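# Fold and contact review
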Amino acid sequence: MQIRLAVISNAGGSGKTTLSVHLAYELGQRGFNVALMDLDPQGSLTLFCGLNPPEPEETLAAVLTDKFDGNWPLTPCWSEYTSQVVICQGGMVLTQTADELVLHKRGAYLLGDCLTDYPLEHDLIIFDCPATLGPLPLMALAACTHLVVPVQLEPKSIQGSAHLLEWYYYHCRHLRLKPSPEVLGFVPSQYDSRKAAHRQIKESLPAQLEQMNIRVFPAIRNSAEFVNASGQGLPLHLYRKSHPALSDFKEIASHLANLIGKPNQKKAKKAS
Ligand SMILES: Nc1ncnc2c1ncn2[C@@H]1O[C@H](COP(=O)(O)OP(=O)(O)OP(=O)(O)O)[C@@H](O)[C@H]1O
Ligand SMILES: [Mg+2]
């Protein structure tokens, strides 16, 4: 089955784009076809994928217009190394899109509508969201099957994610999402085992979330190599192929792989 995963957090710099990129590459390595979608006006995915900024008509903003005819602007990522990952780029033009969504009759449902009218064959579609709980993440919520929440192990971020969960429960009801997208889990990010606060919060988080039936995946450790890799437009897999932090993504990647089941061979054949 196709999984549409929204990577959402209302905290800036919590590791959304890093998680999106690494899950995309990791699932690609496992034979799945992955489409990244950048819902962030900052357009960080473009940088993390080593691509040039797109023309506005080559972005997700063009998909979300009434003129869209199903010709998804998808660009291959890390094409020297893989044919499994593509991206629908974002950028500043999405600020205008966000304003227009508020007035559009089907605002929150637009992305879901596009995926219904013009389906993509990819096994996994990842929506990299901006650090707000505004119209763009709301549209991702209405279009996704699952969401994942990267969170830094700091008190402020934990408090922020409580607000995020309130937002999630409220809007699943308010938008009448049936079935409601499932919270795949929280992913602690930038974990530094030398910091007592990080260790304490990492210990206590699973029990707090268990009450809501939400799991906590293994923490992604802090490493300067993530910053270096993104500066080169590469996932860590390609920048430092035996870096120990790569093992931190295995459990969540396996979980996604199990949910998807078999790769969609139809698309895989088309790509090769
Ligand atoms: N595990 C990590 N260790 C060290 N640095 C990291 C790690 N994960 C992400 N970073 C760095 O932290 C910064 C923020 O990460 P990222 O851009 O993924 O967060 P974000 O939530 O997408 O941010 P924004 O809210 O701006 O979209 C980046 O410079 C990234 O390279
Ligand atoms: Mg980001």
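Residues numbered from 1 in each chain as written. Chains lettered and ligands numbered in written order. Predicted model: local features only at pLDDT ≥ 70, side-chain atom pairs only at ≥ 80, totals over all residues.

### Some thoughts on the sheet that holds strand β5 (residues 124-128)
Strand order in the open sheet formed by 7 strands is β3-β4-β2-β5-β1-β6-β7, with mixed pairing between adjacent strands. The sheet is open, and its two edges are formed by β3 (75-76) and β7 (182-189), each paired on a single side. Seen against the sheet, helix α1 (residues 16-29) touches β1 (3-7), β2 (34-38), β4 (85-88), β5, β6 (146-152) and β7 and runs at an angle of roughly 165° to β5. (Pairing = 2+ DSSP bridges. Helix = DSSP H or I, 4+ residues; strand = E, 2+ residues; numbered from the N terminus. Contact = placed C-beta atoms within 7 Å. Axes fitted to C-alpha atoms, helices over the stretch in contact; angles between N-to-C directions.)

### Concerning helix α9 (residues 224-231)
Within α9, burial applies to Phe226, Ala229 and Ser230. The buried residues of α9 occupy one face: seen down the axis, they fall within an arc of 95°. In α9, those exposed residues whose orientation departs by more than 90 degrees from the buried face are Ala224, Val227 and Gly231. In this structure, the buried side of α9 is in contact with α1, α2 (44-48) and α10 (236-239). Phi for Gly233, located one or two positions after α9, is positive at around 70°. (Buried ≥ 20, exposed ≤ 12 C-beta atoms within 10 Å, placed from the backbone. Arc of directions from axis to C-beta.)

### Overview of the site of ligand 1
In the neighbourhood of ligand 1, 19 residues make up the surrounding shell, with Gly12, Lys16, Thr17, Thr18 and Ala131 lying closest. Counting residues per element, the ones that place at least two in the shell around ligand 1 are α1 and α9. The residue makeup of the shell around ligand 1, split by class, is 4 nonpolar, 13 polar and 2 charged. (Near = placed C-beta within 6 Å. Nonpolar A, V, L, I, M, F, W, Y, C, P; charged D, E, K, R; others polar.)

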